[in-house]
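Each chain, written out:
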Amino acid sequence: MTNVTLTFPDGAERSVAKGTTGLDVAKSISPSLAKRTVAMQLDGVLTDLADPIQSDATINFVSRTDPAALELIRHDAAHVMAEAVQALWPGTQVTIGPVIDNGFYYDFAKAEPFLPEDIAKIEKKMAEIIAKNQPFTKEVWSRDKAKDTFAKMGEGFKVELVDAIPEGQDLKIYRQGTWFDLCRGPHMTSTGAIGKAFKLMKFAGAYWRGDSTRPQLQRIYGTAWATEDELKAYLHQLEEAEKRDHRKLGREMDLFHFQEEAPGSVFWHPKGWTLFQTLIAYMRRAQQRAGYMEVNSPDMMEKHFWELSGHWENYGENMFTTTLPDERVFCCKPMNCPGHVQIYKHGLKSYRDLPLKIAEFGKVHRYEPSGALHGMLRVRHFTQDDAHIFITENQIMEECLKINDLMLAIYKDFGFEDIHIKLSTRPEKRVGADELWDKAEKALGDVLDEVKRRSNGRIRTELQPGEGAFYGPKLEYTLKDAIGREWQCGTTQVDFNLAGRLGAFYIDENSDKKTPVMIHRAMFGSLERFTGILIENFAGHFPLWLAPLQVVVATITSEADPYAHEVVNALKAAGLRVEPDLRNEKIGYKVREHSLAKVPVILAVGLRDAESRNVSIRRLGSQEQTVLSLPDAIATLKDESTPPDLRG
RNA sequence: GCCGGCUUAGCACAGUGGUAGUGCACCUGAUUUGUAAUCAGGGGGUCGCAGGUUCAAAUCCUGCAGCCGGCACCA
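Residues numbered from 1 in each chain as written. Chains lettered and ligands numbered in written order. Predicted model: local features only at pLDDT ≥ 70, side-chain atom pairs only at ≥ 80, totals over all residues. Heavy atoms only, no water.

### Remarks on the pairing of strand β31 (residues 601-605)
Then step 1. For β31, the buried fraction is high: 5 of the 5 residues fall into the buried class.
Then step 2. Of the two faces of β31, the one carrying Val601, Leu603 and Val605 and the one carrying Ile602 and Ala604 are both buried.
Then step 3. For β31 and strand β32 (residues 614-619), the ladder comprises 4 bridges, and the chain directions are antiparallel. Across the sheet, the residue bridging to Val601 is Arg619, located in β32. (Buried < 20%, exposed > 50% of the residue type's maximum accessible area, 1.4 Å probe, protein only. Helix = DSSP H or I, 4+ residues; strand = E, 2+ residues; numbered from the N terminus. Pairing = 2+ DSSP bridges.)

### A word on the nonpolar core
Then step 1. In terms of nonpolar packing, the biggest core is built from 65 residues, with Ile410, Tyr411, Phe414, Phe524, Leu534, Phe542 and Leu546 touching the most fellow members.
Then step 2. Among the elements that make up this core, the one with the highest residue count is helix α13 (residues 396-413) (8 residues).
Then step 3. If sequence neighbours within four positions are ignored, Phe524 has contacts with Leu279, Tyr282, Met283, Asp385, Ile410, Phe414, Cys489 and Phe530.
Then step 4. Core analysis: the next-biggest nonpolar cluster, separate from the first, contains 35 residues, Ala69, Met81, Met188 and Ala224 among them. (Core = buried A, V, L, I, M, F, W, Y, C linked by side-chain atoms within 4.5 Å. Contact = heavy atoms within 4.5 Å.)

### Some details on the sheet that holds strand β28 (residues 517-526)
Then step 1. If you trace the 8 strands from one edge of the open sheet to the other, you get β16-β20-β21-β28-β25-β24-β22-β23, paired in mixed fashion. A strand with exactly one partner marks an edge of an open sheet, and here the two such strands are β16 (293-294) and β23 (460-464).
Then step 2. When strand β24 (residues 474-480) meets strand β25 (residues 486-495), the two strands line up antiparallel, connected through 6 bridges. Residue pairing for β25: Thr478 is matched across the bridge by Gln488.
Then step 3. Docked against the sheet, helix α12 (residues 337-345) engages β20 (356-365), β21 (381-391) and β28, running at close to 145° with respect to β20.
Then step 4. Helix-sheet contacts for α13 involve β20, β21, β22 (419-424), β24, β25 and β28, and the interaxial angle to β28 is about 5°. (Axes fitted to C-alpha atoms, helices over the stretch in contact; angles between N-to-C directions.)

### Points about the protein's contact with RNA strand B
Then step 1. The environment of RNA strand B is made up of 53 residues, and the closest members are Gln216, Tyr315, Ala469, Asn584 and Ser616.
Then step 2. Considering RNA strand B, the proportion of its atoms within 4 Å of the protein that are sugar or phosphate atoms stands at 51%.
Then step 3. Take Arg366: an N or O atom from its side chain is 2.7 Å from a base nitrogen of RNA strand B.
Then step 4. The contact in question runs from a base oxygen of RNA strand B to an N or O atom on the backbone of Arg608, over 2.8 Å.
Then step 5. For the surface near RNA strand B, the secondary structure elements donating two or more residues are β12 (198-207), β13 (216-224), α8 (246-252), α18 (587-596), α19 (607-612) and β32.
Then step 6. Of all the elements, α18 adds the most residues to the surface near RNA strand B, at 7 residues.
Then step 7. When its residues are assigned to classes, the surface near RNA strand B shows 19 nonpolar, 19 polar and 15 charged. (Near = heavy atom within 4 Å. Polar contact = N/O pair within 3.5 Å; in protein donor to acceptor, adjacent residues only side chain to side chain. Nonpolar A, V, L, I, M, F, W, Y, C, P; charged D, E, K, R; others polar.)

### Comments concerning the sheet that holds β31
Sheet strands line up and pair through hydrogen bonds in the backbone, either parallel or antiparallel.
Then step 1. Across the sheet, 5 strands lie side by side as β30-β29-β31-β32-β33; this open sheet has mixed pairing. Sheet topology places β30 (578-581) and β33 (625-629) at the edges, where each strand pairs with a single neighbour. The mean angle between the axes of side-by-side strands here comes to 25°, regardless of whether they run parallel or antiparallel.
Then step 2. Relative to β31, strand β29 (residues 551-555) runs parallel, the two being bridged by 5 bridges. The residue of β31 that forms the bridge with Thr555 is Val605.
Then step 3. Each of β29, β31, β32 and β33 is contacted by helix α20 (residues 630-640), which is oriented at about 110° to β33, the strand it contacts most.

### Considering unusual backbone geometry
Then step 1. In this structure, the amide linkage connecting Gly185 to the following residue, Pro186, adopts the cis form with an omega of -5°.
Then step 2. Mapped onto the elements, Pro186 comes out in the loop between β11 (179-182) and β12.
Then step 3. Cis peptide bonds are those with omega within 30 degrees of zero, and the linkage from Leu354 to Pro355 qualifies with -5°.
Then step 4. Mapped onto the fold, Pro355 is located in the loop between α12 and β20.
Then step 5. With a phi close to 50°, Asp43 is a non-glycine residue in the positive phi region.
Then step 6. Positive phi outside glycine occurs at Arg613, with the angle close to 55°.
Then step 7. Its place among the elements puts Arg613 in the loop between α19 and β32.
Then step 8. Overall, the relative accessible area of 38% leaves Arg613 in the partly exposed class.

### Remarks on helix α16 (residues 527-538)
Then step 1. The end-to-end C-alpha distance of α16 is 16 Å, a good match for the 16 Å that 12 residues give at a rise of 1.5 Å each.
Then step 2. The buried count for α16 comes to 11 of 12 residues, which makes it a mostly enclosed element.
Then step 3. Every buried residue of α16 is listed here: Leu527, Glu528, Phe530, Thr531, Gly532, Ile533, Leu534, Ile535, Glu536, Asn537 and Phe538.
Then step 4. Where α16 starts, the residue carrying a side-chain oxygen 3.3 Å from the main-chain nitrogen of Glu528 turns out to be Ser526.
Then step 5. Of the residues one or two after α16, Ala539 is the one with positive phi, at around 50°. (Expected span 1.5 Å × (residues − 1).)

### Focus: the domain arrangement of chain A
Then step 1. One can read the domain layout of chain A as domain 1 (3-63), domain 2 (69-241), domain 3 (266-537) and domain 4 (551-646).
Then step 2. On a C-alpha basis, the centroid separation for the pair domain 2 and domain 4 is 57 Å. (Domains from an automatic or database assignment.)

### Remarks on the pattern of salt bridges
Then step 1. Under the criterion given, the structure shown has 46 salt bridges.
Then step 2. The shortest N-O distance in the salt bridge between Lys152 and Asp148 comes to 3.4 Å. One end of the pair, Lys152, and the other, Asp148, are both in helix α5 (residues 143-152), 4 residues apart, so they sit about a helical turn from each other. (Salt bridge = Lys/Arg side-chain N within 4 Å of Asp/Glu carboxyl O.)

### A short note on the environment of Tyr563
Then step 1. Residue position: Tyr563 is located in helix α17 (residues 561-573).
Then step 2. Measuring from C-alpha to C-alpha, the distance between Tyr563 and Leu238 comes to 45 Å, with 325 residues separating the pair along the chain.
Then step 3. Excluding residues within four positions of it along the chain, Tyr563 makes contact with Val605, Asp609, Ala610, Arg613, Asn614, Val615 and Leu630.

### Some thoughts on the side chain of Gln464
Then step 1. When you line up the elements, Gln464 lands in strand β23.
Then step 2. Residues within four places of Gln464 in sequence aside, it is in contact with Lys422, Leu423, Ser424, Thr425 and Glu476.

Take a look at the structure:
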């Protein structure tokens, strides 16, 4: 009999007969090890403990509290949930049930919808199944047997899954008691290892195979952890995330509102608009330094123009249109690019004019599907920090790298340093010849490689095939916020099509007409969306330069009113956004109210301060009070409120 | 767009067929106050919209809209 060599995490080696199972190995070391081991890793790959070991490998026994076991706990929980659902509602078909971040889900085909109270029923049934502690056992079936069995059970979706498994690949069946499921595994040794730290979170509709033309299934999301403390911590984290919700904070901080008559459209209140304008002013400075020229193009243009640009055909169903009294049809612009091409076309352009950078804080209008709307993160009317750079083909790399550097510098000013870039390639619905797409995708791919190289691998990259814009491939910049969520913001798109379609050209060195390449780029992306992201990232506690209201001067007694006015005026003169609070209330009341409104700085002034010409500074999130002279306070606050790009 | 849920005062919520409530906010008065809620009084709602059932509808039924959670979509 042949032997294989197993290497343990501590470096020890052991020779065992080929085909020995992990469980045998564990048992031979100690019964208690075998008892607490739920799976193993062979050369780092999670595997069923009962699998025979066929070759030399490093081996690591996984207990249920091992981080590596977490995905098994979740996957096993998904199976147990499926069994529970089928036990409670016979005739329900099972489909797929993968592990996801923080949990798992399973999609079911069931005629009647799940009801809110069903969550508790399913959880109870799951607990019973887990308490039975039934072993998970694996079988390998033939394709025919699998299809036959599932067909007889009325599990049509499973039959389709069997058909989708490539020839030559094992069809694995995992059993727990009498229930079994087609599954690639691995699983833990038994259902009992799942433990008690699981919870079903919500129901949702989900299309079979993610395809909206196919049947809609009922999905149940769950979360599962090794310990109840971890479950509790996760639920707490969800609550904390909820407190940051920009829709809630937007209302509480009086930044904006939405209403029924304008779904997906923001009503900006004075404070929210101040924040918005602060962002625009920042970006305007950044773009001016980078050589962009700001323009403004019409919000509506005639339909035939959008037919020419390709938008009507490729994007028409998302465009707002209006028929005028003279019966001409106009479209609200869903993008700024065609308008910018018109501005480019005014006056003959030479190769010497390139790169030509045209920027606009343009408000675009997109008829988003109703179900997609989500606060300010997904709206129907939004402002882009949009720009189009007209270049020659051999300027692509240089210009894209400049954009990249600008993008990263800007994100850094807002505290976002963990960036992730995705390359999206040609979609099915597109304009332009494949050779142009080849060139454009190659160019952006090269840019991405160079960006990655320069970041010393700090920037993660990813390929998203088929996700590009209809006129060109994209680099999509995703940033990670304070609590680890990722948001897609910036985009750089290389376009060999649109300029040509709209008849834009330049005169090259040989007096020939050439079509420029266009780079479409946005850095915040949508100002509305970016504002929402900032609210959630800072949980409303904006750094001073962004805070809509920076300082409140609160009086302790009305005798200090004249001095408070003086302080307010001095701060205003220094360029700070400040309001007095002279109300006939106790200082504790005022502090509480302005703290809840997330005003970064409260200056309390009483008689004492008026006489000494001091102010008492209290900062949001701190109980501490610092007494400063008025000139010192102004200097400090003025310095702190300077936008990051204007600091010396 | 699809599946499910929700919609009652400015906000958060209670109210399962019989006179629409609570807290905060708001207004008035008193209080002049030193760092997260001073006290007392008062006003405020076609119960999302439109139909229907009923002697009677916030409550039951139908349709629509918006919102929420997902899915699809995010050019």
